[in-house]
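# Coordinate analysis (summary)
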Amino acid sequence: MTQTRENGIALVLAQPRGFCAGVVRAVDIVERALARGDGPVYVRHEIVHNGRVVADLKAKGARFVESLNAVPDGATTIFSAHGVSRAVEAEAARRGLPVIDATCPLVAKVHKQGQLYAAQGRTVILVGHAGHAEVEGTLGRIDGEVHLVGSVAEAEALDLPADARLAYVTQTTLSVDDTRAIIAVLQRRFPDLVGPETRDICYATQNRQAALRALAEIADLILVVGARNSSNCNRLREIAAEAGRPSHLVEGAEDLDRIGLDGVRTLGLTAGASTPEAVIAEVIAALQRRTPLRISTLPGVVESASFPLPSSLGHT
């Protein structure tokens, strides 16, 4: 992607940016379920946290609900990429709903790790943000005592015996640095603590955060394209700010009017793992209408991971 005009702003794109394998799989699951033509398809919670993705799937016939109470008997039901609790799964089974599980395999891995630690008799600490769909699902997947910790301050205040047998797992979309800081506090306070360090934070999150840090070294201003309710998008914007770069989270081209570009020589752009390429392209096109751009892409990781579809939909 090139621009021959010599004046204007240098627009540097992060690599990687946009959809990850888990999001591609989740969206594909909904589209394939719709294509079967077996009747209405209901999705519990937003399939991924991006309004454009949800709107596009609604236009194709998907119906999004926040509770299984809104799903008619016998209707195909899809669990979102964020995962669900055992209680939600059991309710679907009790009602005999035909379920397709679009839980990201890396989120499912966290569930299994937490279950394993609990089975070992350890009290589990979940590092994550209260109220997030992934966290709610993980909390509802682990037997026994689970403590949610979302900050260094909460880790310092955790009221457990110093000799408690503990383990931790993490929300997949957190900032790697923030997670390390919380884990360091837990390790200092509780010697008998086990866990996977930052490996629960998915590869896509880590790759996008590393690319953002590289972008912050050269950009005067950074735009993160994505939804305001997307955890991974918010973490990207926060990391840019922590690196000392002005940063804005923009959901689409309509948000650009509020952002001044005066004095900006190098503009950085990235997008969260749930942001479709079409939205990124629209933002770039809107910027081009506003000012001449010289567009380049930073070197970075080229992701090749893919996850198989549920057997009921076939594999690719």
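To start, this report covers the structure provided alongside it.

What counts and what doesn't
- Residues numbered from 1 in each chain as written.
- Predicted model: local features only at pLDDT ≥ 70, side-chain atom pairs only at ≥ 80, totals over all residues.
- Heavy atoms only, no water.
- Pairing = 2+ DSSP bridges.
- Helix = DSSP H or I, 4+ residues; strand = E, 2+ residues; numbered from the N terminus.
- Contact = heavy atoms within 4.5 Å.
- Axes fitted to C-alpha atoms, helices over the stretch in contact; angles between N-to-C directions.
- Buried < 20%, exposed > 50% of the residue type's maximum accessible area, 1.4 Å probe, protein only.
- Right-handed = clockwise from strand over helix to strand, strands pointing away.
- Salt bridge = Lys/Arg side-chain N within 4 Å of Asp/Glu carboxyl O.
- Expected span 1.5 Å × (residues − 1).
- 1 Å grid on protein atoms, 1.4 Å probe; cavity = no way out; pocket = protein on both sides within 12 Å on 5 of 7 lines; lining within 4 Å.
- Points joined across faces, edges and corners; volume = space filled by probe spheres on them.
- Nonpolar A, V, L, I, M, F, W, Y, C, P; charged D, E, K, R; others polar.

Within the open sheet, the four strands sit side by side as E7-E6-E8-E9. Their pairing is parallel. The open sheet has two free edges, formed respectively by strand E7 (146-149) and strand E9 (193-194), since each of these has just one partner strand. One ladder, built from two bridges, connects strand E8 (residues 166-170) with E9; its direction is parallel. Paired with Leu-166 across the strands is Leu-193, a residue of E9. On the sheet, helix H4 (residues 105-119) packs against strand E6 (123-127), E8 and E9 and is oriented at approximately 175° with respect to E8.

A word on the pairing of strand E4 (residues 76-79). Along any regular strand the residues' side chains alternate between the sheet's two faces. Burial along E4 is two-sided: Thr-76 and Ile-78 facing one way and Thr-77 and Phe-79 facing the other are all buried. Where strand E2 (residues 41-44) meets E4, four bridges bridge the pair, whose relative direction is parallel. Bridging from a neighbouring strand, Tyr-42 pairs with Thr-77 of E4. In the sheet, E4 pairs with strand E5 (residues 99-101) via three bridges, with the strands oriented parallel. The partner of Ile-78 across the bridge, within E5, is Ile-100. Taking the sense of rotation as the criterion, the β-α-β connection linking E4, helix H3 (residues 86-95) and E5 turns out right-handed.

This brings us to the pattern of salt bridges. This model, assessed by the stated rule, comprises 17 salt bridges. Taking the shortest distance from any N to any O, the salt bridge between Asp-28 and Arg-32 comes out at 3.3 Å. Of this pair, Asp-28 and Arg-32 are both found in helix H1 (residues 21-36), four residues apart, which corresponds to roughly one turn of the helix. Residue Asp-28 is classed as partly exposed on the basis of its relative accessible area of 22%. Judged by its relative accessible area of 28%, Arg-32 falls in the partly exposed class.

Here the focus is the environment of Gly-8. You can see Gly-8 is positioned in the segment before strand E1 (9-13). Overall, the relative accessible area of 36% leaves Gly-8 in the partly exposed class. Once the C-alpha coordinates of Gly-8 and Arg-294 are considered, the two residues, 286 residues apart in sequence, prove to be 7.3 Å apart. Not counting chain neighbours up to four residues away, the residues in contact with Gly-8 comprise Thr-291, Pro-292 and Arg-294.

Here we take up helix H8 (residues 203-216). Compared with the 20 Å implied by 1.5 Å per residue over 14 residues, the 20 Å span of H8 between its first and last C-alpha is a close match. When we look at burial in H8, the residues that qualify are Ala-204, Thr-205, Asn-207, Arg-208, Gln-209, Ala-211, Leu-212, Leu-215 and Ala-216. For H8, the secondary structure elements touched by its buried residues are E1, helix H7 (176-189), strand E10 (221-225), helix H9 (231-242) and strand E12 (266-271).

A probe as big as a water molecule, rolled over the atoms, marks out the empty space that is left. Inspection of every chain in the model, using the stated rule, returns two cavities of 30 Å³ or more. In this structure, the largest cavity occupies an estimated 290 Å³ of space. Taken together, 23 residues make up the lining of the largest cavity; nearest its centre are Val-23, His-82, Thr-172, Thr-173 and Asn-232. Listed by contribution, the elements that provide at least two residues to the lining of the largest cavity are H1, H4, H8 and H9. The element that contributes the greatest number of residues to the lining of the largest cavity is H8, accounting for three residues. Each residue belonging to the lining of the largest cavity can be placed in one class, and the counts come to 11 nonpolar, 11 polar and one charged. The volume enclosed by the second largest cavity comes to roughly 40 Å³. Split by residue class, the lining of the second largest cavity holds three nonpolar, three polar and one charged.

Take the sheet that holds E5 next. If you walk across this open sheet you meet the four strands as E3-E2-E4-E5, and the pairing is parallel. Strand pairing shows two members of the sheet lacking a second neighbour, strand E3 (62-65) and E5, which therefore form its edges. Ignoring strand direction, the axes of neighbouring strands in this sheet form an average angle of 25°. Helix-sheet contacts for H1 involve E2, E3, E4 and E5, and the interaxial angle to E5 is about 155°.

With that out of the way, let us pick up the environment of Val-30. Among the structural elements, Val-30 can be located in helix H1. By relative accessible area, which is 0% here, Val-30 ends up buried. Along the sequence, Val-30 and Ala-133 sit 103 residues apart, while their C-alpha atoms lie 18 Å from each other. The residues touching Val-30, leaving out its near neighbours within four places in the chain, are Val-43, Ile-47, Leu-57, Ala-62 and Ile-78.

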